[in-house]
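The primary structure of each chain is shown beneath.
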Amino acid sequence: MADINTSEAQISLKGFLDIDVDASLDLFSEIELLKKEKNAVVLAHYYQEPDIQDVADYIGDSLGLAQQAEKTSADIIVFAGVHFMAETAKILNPNKKVVLPDLRAGCSLADSAPADEFAAFKKLHPDHIVISYINCSADVKAMSDIICTSSNADKIIDSVPKNQPIIFAPDKNLGAYLIKKTGRQMLLWNGACMVHEIFSQQRILKLKTQHPEAKLIAHPECEEAVLQYADYIGSTTQLLKFATTDNANEFIVATETGILHQMQKDAPQKTFIPAPPDNMCACNDCPHMKLNTLEKLYLCMKYEEPEILIDEAIRLRALKPIQQMLKISKAVGLGG
Ligand code: 13P
Ligand code: SF4
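Reference entry: report on the structure contained in this document.

Each value, and the rule that gives it
- Residues numbered from 1 in each chain as written.
- Chains lettered and ligands numbered in written order.
- Predicted model: local features only at pLDDT ≥ 70, side-chain atom pairs only at ≥ 80, totals over all residues.
- Heavy atoms only, no water.
- Near = heavy atom within 4 Å.
- Nonpolar A, V, L, I, M, F, W, Y, C, P; charged D, E, K, R; others polar.
- Helix = DSSP H or I, 4+ residues; strand = E, 2+ residues; numbered from the N terminus.
- Contact = heavy atoms within 4.5 Å.
- Polar contact = N/O pair within 3.5 Å; in protein donor to acceptor, adjacent residues only side chain to side chain.
- Salt bridge = Lys/Arg side-chain N within 4 Å of Asp/Glu carboxyl O.
- Buried < 20%, exposed > 50% of the residue type's maximum accessible area, 1.4 Å probe, protein only.
- Axes fitted to C-alpha atoms, helices over the stretch in contact; angles between N-to-C directions.
- Parallel < 35°, antiparallel > 145°, perpendicular 65-115°, else oblique.
- Left-handed = near helix turned anticlockwise from the far one by under 90°.
- Areas by Shrake-Rupley, 256 points an atom, 1.4 Å probe, with all protein chains shown as cover.
- Pairing = 2+ DSSP bridges.
- Arc of directions from axis to C-beta.

Another aspect to go through is the site of ligand 2. Inspection of the region around ligand 2 gives Tyr47, Val82, Cys107, Ser108, Asn135, Cys193, Val195, Glu221, Cys286, His288 and Met289 as its neighbouring residues. In terms of residue class, the shell around ligand 2 is made up of seven nonpolar, three polar and one charged.

The next point concerns the environment of histidine 196. If you trace the backbone, histidine 196 turns up in the loop between strand S8 (187-188) and helix H11 (201-210). Along the primary structure histidine 196 and aspartate 145 are separated by 51 residues, whereas in three dimensions their C-alpha atoms are 26 Å apart. The contacts of histidine 196, once residues within four sequence positions are left out, are Tyr47, His219, Glu221, Cys222, Glu223, Ala254, Thr255 and Glu256. A distance of 3.1 Å separates a polar atom in the side chain of histidine 196 from a polar atom in the side chain of glutamate 221. Polar contacts involving the side chain of histidine 196 include one to the side chain of threonine 255, which spans 2.7 Å.

With that settled, consider the pattern of salt bridges. Tallied over the full model, the rule gives 15 salt bridges. Between aspartate 57 and lysine 35 there is a salt bridge, with the nearest N and O atoms lying 3.1 Å from each other. Of the two residues, aspartate 57 is situated in the loop between helix H3 (50-55) and strand S2 (58-60) and lysine 35 in helix H2 (residues 27-38); the sequence distance between them amounts to 22 residues. One salt bridge in this structure joins lysine 265 and aspartate 54, with 2.7 Å as the shortest N-O distance. Placement of the pair is lysine 265 in helix H14 (residues 259-266) and aspartate 54 in helix H3, with a sequence separation of 211 residues. Accessibility expressed as a relative area gives 46% for lysine 265, which makes it partly exposed. For aspartate 54, a relative accessible area of 38% gives the class partly exposed. Linked through salt bridges whose partners overlap, the residues forming this network are Glu32, Lys35 and Asp57.

A few words on the packing of helix H4 (residues 62-71) against helix H5 (residues 83-92). The description of two packed helices rests on the angle between their axes and on the distance between the axes. One way to put it is that H4 packs onto H5 with a least axis distance of 9 Å and a crossing angle of 30°. The angle between H4 and H5 falls in the class roughly parallel. Both H4 and H5 take part in a crossing whose hand is right-handed. Facing Ser62, Leu65, Ala66, Ala69 and Glu70 of H4, the residues of H5 in contact are Phe84, Met85, Thr88, Ala89 and Leu92. For the contact of H4 with H5, the per-class residue count stands at seven nonpolar, two polar and one charged.

Near ligand 1, the surroundings consist of His45, Tyr47, Asp61, Ser62, Tyr133, Asn135, Ser150, His196, His219, Glu221, Ser235 and Thr236. One of the side-chain N or O atoms of serine 150 is found 2.8 Å from an oxygen atom in ligand 1. Here an oxygen atom of ligand 1 and a side-chain polar atom of threonine 236 are 2.6 Å apart. Protein chains shield 96% of the accessible area of ligand 1, which is 310 Å² for the free molecule. Here the shell around ligand 1 is composed, by residue class, of two nonpolar, eight polar and two charged.

With that settled, the discussion passes to the sheet that holds S8. The parallel open sheet is built from four strands, whose spatial order is S6-S5-S7-S8. One side of each edge strand has no neighbouring strand; the edge strands of this open sheet are strand S6 (146-148) and S8. Taken together, the three bridges between strand S5 (residues 129-133) and S6 define a ladder with parallel strand orientation. If you follow isoleucine 131 over to S6, its bridge partner there is isoleucine 146. Those strands touched by helix H7 (residues 115-124) are S5, strand S7 (166-169) and S8, and its axis lies near 165° from that of S7.

Once that is clear, we can look at the pairing of S5. The element S5 is largely enclosed, with a buried count of five among its five residues. Side-chain alternation along S5 places Ile129, Ile131 and Tyr133 on one buried face and Val130 and Ser132 on a second face that is also buried. Taken together, the four bridges between S5 and S7 define a ladder with parallel strand orientation. Bridging across to S7, isoleucine 129 finds its partner in isoleucine 166.

Read from one edge of the open sheet, four strands run S10-S9-S11-S12, paired in parallel fashion. At either end of the open sheet lies a strand with only one pairing partner, and these are strand S10 (232-233) and strand S12 (271-274). Judged from the two bridges that link them, strand S9 (residues 215-218) and S10 form a sheet pairing that is parallel. Looking at the pairing, isoleucine 217 lines up with tyrosine 232 of S10.

We now examine H14. Those residues of H14 that fall on the buried side of the exposure criterion are Ile259, Leu260, Gln262 and Met263. Around the axis of H14, the buried residues are gathered within 160° of arc, so they sit on the same side.

Next comes the structure, spelled out in structure tokens:
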């Protein structure tokens, strides 16, 4: 339990606990102590800052994180990622406390499908079933038939009978890639990720001529203009696995830069070059993911806030398509 009364108003206003942290504290050992004291588990996405990755009990892609959340025996899930990921953990664990270091850690892709607009779109196509990418709100999940992630989307699509029309939401880039990969026509929602749309085809091609031996590896949220040159396309976990096991020594990485930390740790002898954005800013850092810091992680473990809460009726409707995804993933041997 929290040992001081944190102000709900403060959290609702700022989205995180704005409390000074004693600079002399060793946050790494404090977090380890809190894990034991509270039976808490820290689940982190690869886009989190290196310190958070280093203190996590598990680091993974969206599917791996959902699978870990499903099977954990911890009382508290400390989710170092973005809101839709923590929300998925809560949907799977209504009786556990799920905390997120900064509630403002959203996702531009999830935001590109507002629930009311999506409901109206769905109503126009009553004969379609809805496959939604996990990067969406609980409300959109509740309107979906099956959830997918970038590591299982092709298998999820293949599980749907061939004559069944499909709406795919919210990522149009991932959707277009999947149409090509599976040969299935799908109706796409017009959403995209602000980070993966920023890569410059021109600058990547220039980089490739400067590093002729380097392989280009890309997340499927990137545009076709980039994906067409990729030597390998996959989820964050799949990109990490490919980069560390493939015999190339140099890679241009077209996804958020946080993943480079694990790549460098797992294959210190290899060179990983972040793919350049179409301007000079650090736009291939996800501004939402990077709202979480080690200090905020420590505070949210200590005070058990901010907490993820979901309306029970929405949770129950959102649970079904997530369970369907987990079942299919297990059946095809994808983790779990
Ligand atoms: P992964 O499931 O591949 O980790 O992707 C999550 C994400 O948000 C990519 O932008
Ligand atoms: Fe969302 Fe893009 Fe950030 Fe992933 S990188 S969490 S899709 S905004």
